[in-house]
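A structural walkthrough
What follows is the residue order along each chain.
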Amino acid sequence: SVGVGIGGMVYAFSLFKHQFLRHGLSSVLPAVNTTVGDLSYGGSGQNFHGFHSVGSMILFWPWGVFTVIFRPLPWDVHNIFTAMSALSGSVLLVLVYRAVRHGKLRNLKDPVLIWALTYLTCWAGLYGFGGFGNLGMAVRERLEVLPIIVLLALLFGTERGRRYLETNSAGDLR
């Protein structure tokens, strides 16, 4: 199964390389600008002015991740569907805030939790750029990781979840 996983990663990288690195690293910015710019349309499209350097992409990434996970928020509402998504994003933001505020790093001993955080980081690495251009797309793409985010937020953000994490160590998996 490890071989299949590594094979899948090599194949995924070859697709990435073909899409974004056709002419070396110099083709990354135009490819990302084109991809994100093409998604910025419709009623939920966002203004996207393009990246001018890899540094600007790195500086933008946290805002892009925030956008794809939590937005639309109440000030983005312009119809009933956006209002429902804004309610969902606001509740998720409160849950994640509580988890970050009350969570303890020592509870990250469990390999499943480490996997979940790694998966979220990899997902955010991709969708932190593309999801910014269109909030409708961001809401749909968020569904891929919503169960993981909610589970982690409840485990780290509630008293019952923290108690569970403290009583069940990584060596005690059942």
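Quick note: structure is the one above.
Residues numbered from 1 in each chain as written. Predicted model: local features only at pLDDT ≥ 70, side-chain atom pairs only at ≥ 80, totals over all residues. Heavy atoms only, no water.

To continue, consider the packing of aromatic side chains. Across all of its chains, the model carries three aromatic pairs by this definition. Arranged with centres 5.4 Å apart and planes meeting at 15 degrees, the rings of Trp63 and Phe66 form a pair that is stacked. Of this pair, Trp63 and Phe66 both sit in helix H3 (residues 54–70), three residues apart, which is roughly one turn of the helix. The exposure class assigned to Trp63 is partly exposed, which follows from its relative accessible area of 42%. Take Phe66: its relative accessible area is 23%, and that puts it in the partly exposed class. Ring centres of Phe66 and Phe70 lie 5.1 Å apart, and the angle between their planes is 50 degrees; on these two criteria the pair is classed as tilted. Of this pair, Phe66 and Phe70 both sit in helix H3, separated by four residues, roughly a single helical turn. Looking at Phe70, the relative accessible area reads 9%, which means it is buried. (Phe/Tyr/Trp six-rings, centres within 6.5 Å; stacked < 30°, edge-to-face > 60°. Helix = DSSP H or I, 4+ residues; strand = E, 2+ residues; numbered from the N terminus. Buried < 20%, exposed > 50% of the residue type's maximum accessible area, 1.4 Å probe, protein only.)

We now examine the packing of helix H7 (residues 146–157) against helix H8 (residues 159–167). Taken N-terminus to C-terminus, the directions of H7 and H8 make an angle of 85 degrees; their axes are 5 Å apart at the nearest point. It follows that H7 is roughly perpendicular to H8 by the angle criterion. Contacts between H7 and H8 pair Leu154, Leu155, Phe156 and Gly157 from the former with Glu159, Gly161, Arg162, Tyr164 and Leu165 from the latter. Across the contact of H7 with H8, the residue classes break down as five nonpolar, two polar and two charged. (Axes fitted to C-alpha atoms, helices over the stretch in contact; angles between N-to-C directions. Parallel < 35°, antiparallel > 145°, perpendicular 65-115°, else oblique. Contact = heavy atoms within 4.5 Å. Nonpolar A, V, L, I, M, F, W, Y, C, P; charged D, E, K, R; others polar.)

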